[in-house]
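Tertiary structure, described
Each chain, letter by letter, is given below.
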Amino acid sequence: MTRTPAYAAELRAALTRAVRGIDERELVRATEALVARYRSVAPAPVPILASRVHVMAYAAYRMPATHAALARVMDELADRGLAPRSLLDLGGGTGAAAWAAAGTFDSLKSITVLDQVEDALVLGRELVADAPSGVLARTTFRQAVAGSWPDVGADLVTVSYVLSELDEAQQEALVADAMRRGRIVVIAEPGTPDGYTRVLRVRSALLAAGWTLVGPCPHAADCPLGQGDWCHFAARVSRSAEHRRLKGAELSYEDEKFSWLAAAAPGVLEPQAAHARSGRILRHPLKRKGFVEFQVCRPDGTAGREVISKKAGERYRKARDAEWGDVLP
Ligand SMILES: C[S@@+](CC[C@H](N)C(=O)[O-])C[C@H]1O[C@@H](n2cnc3c(N)ncnc32)[C@H](O)[C@@H]1O
């Protein structure tokens, strides 16, 4: 959770440059409006990012967090041996997934971000103008509305923090569009009970279509988390000075809670990779003297407590470094 994603500093610097010159009171007002709107979780009949200032506010206060969450997911895909050559980001806004994927995959040759809000795409282009990677700097930002996406295919399709703005039928259609266009699909949502519920629905659709789950689930059985619990993780985001001012926050960091799912179309994962599963750490591990205690989701479809003690040698050393969201050593 404390790992800093690649390009986080460069993204922050680009955001700082972008918001320079914008009236801070306007930004604060727009940030407050967005915070309230995103709390309400209801389909958005008109774009929530209603003006250039709203887009700026979104980018300044949310993009570092969605970037951090997506960077964790991209690292997982890389750990599973995936090396996409192309990325398509549906509802990509200002391009958080593009920054995350470019920071992880040297294999990437092209990135396309599609969104309905032109101002978000304009800002996305500005942000990547001095990006530290060539492929990121060449990202195509193009206007498109869900239901009428252009026919672009990609190895990896991301749908990040978008589903909550759509009704259930639109969510299903968006996931189907992502599956038609991609070999690997990644969904990220806020790490709330309703974000998790949306992710679970996507999980059912992907499994019904014969896709293989890449993560976080180590199995394809029903989710074992019971009533009152929901599968979510956390990515640490350091806050810049303007981020702190916008949110009226004092801490120099925040933890972005997110739920996610990644799946591969039939035949994409090597048979070995498709079966190589270990448990998933569901909470902050408790690091005690001589042992580490975990809550995990297990490959057999159950969830519960696992203890790795000093006697386990190398595995124990890895356990001391393991964090919430990692694969169990
Ligand atoms: C919360 S933002 C997430 C942006 C970006 N994916 C991220 O993770 O930072 C939701 C994005 O979805 C886009 N969006 C929502 N409904 C859409 C639709 N019907 N068609 C195209 N884009 C849509 C919005 O314009 C907005 O940019």
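Preceding this section is the structure that the text describes.
The structure contained in this document is the topic of the report that follows. Owing to the predicted nature of the structure, the values given are computational and were not obtained by experimental measurement.

1. Describing the packing of helix 8 (residues 168-181) against helix 9 (residues 193-208)
The contact between helix 8 and helix 9 brings their axes to 11 Å, and the two run at 50°. Here helix 8 lies oblique to helix 9, going by the angle between them. Crossing of helix 8 over helix 9 shows right-handed handedness. Where helix 8 abuts helix 9, its residues E168, Q171, V175 and M179 lie against R198, R201, V202, A205 and L206. Broken down by class, the residue content of the contact of helix 8 with helix 9 amounts to five nonpolar, one polar and three charged.

2. With respect to the packing of aromatic side chains
Overall, the coordinates contain three aromatic pairs when judged by the stated rule. Ring geometry for Y7 versus W99: centroids 6.5 Å apart, planes at 85°, classification edge-to-face. Within this pair, whereas Y7 is found in the segment before helix 1 (8-19), its partner W99 is found in helix 5 (residues 96-104), the two being separated by 92 residues in sequence. With a relative accessible area of 18%, Y7 lands in the buried category. Look at F233 and F258: their rings are 6.3 Å apart centre to centre, the planes differ by 55°, and that puts the pair in the tilted class.

3. Considerations on the side chain of D89
Within the secondary structure layout, D89 lies in strand 1 (residues 86-90). With no salt bridge to any partner, buried D89 finds its closest opposite charge in R181, at an N-O distance of 12 Å. Those residues in contact with D89 that sit more than four places away from it in its chain are A97, T112, V113, L114 and T158.

4. Concerning helix 4 (residues 63-79)
Between its first and last C-alpha, helix 4 extends 24 Å over 17 residues, near the 24 Å set by a 1.5 Å rise per residue. For helix 4, the tally of buried residues reaches 14 of 17 residues, placing the bulk of the element in the interior. Backbone geometry just downstream of helix 4 places G81 in the positive-phi region, at approximately 85°.

What counts as what
Residues numbered from 1 in each chain as written. Predicted model: local features only at pLDDT ≥ 70, side-chain atom pairs only at ≥ 80, totals over all residues. Heavy atoms only, no water. Axes fitted to C-alpha atoms, helices over the stretch in contact; angles between N-to-C directions. Helix = DSSP H or I, 4+ residues; strand = E, 2+ residues; numbered from the N terminus. Parallel < 35°, antiparallel > 145°, perpendicular 65-115°, else oblique. Left-handed = near helix turned anticlockwise from the far one by under 90°. Contact = heavy atoms within 4.5 Å. Nonpolar A, V, L, I, M, F, W, Y, C, P; charged D, E, K, R; others polar. Phe/Tyr/Trp six-rings, centres within 6.5 Å; stacked < 30°, edge-to-face > 60°. Buried < 20%, exposed > 50% of the residue type's maximum accessible area, 1.4 Å probe, protein only. Lys, Arg positive; Asp, Glu negative; His and termini not counted. Salt bridge = Lys/Arg side-chain N within 4 Å of Asp/Glu carboxyl O. Expected span 1.5 Å × (residues − 1).

So, to be careful, I would describe these as geometric facts and stop short of saying anything about function.
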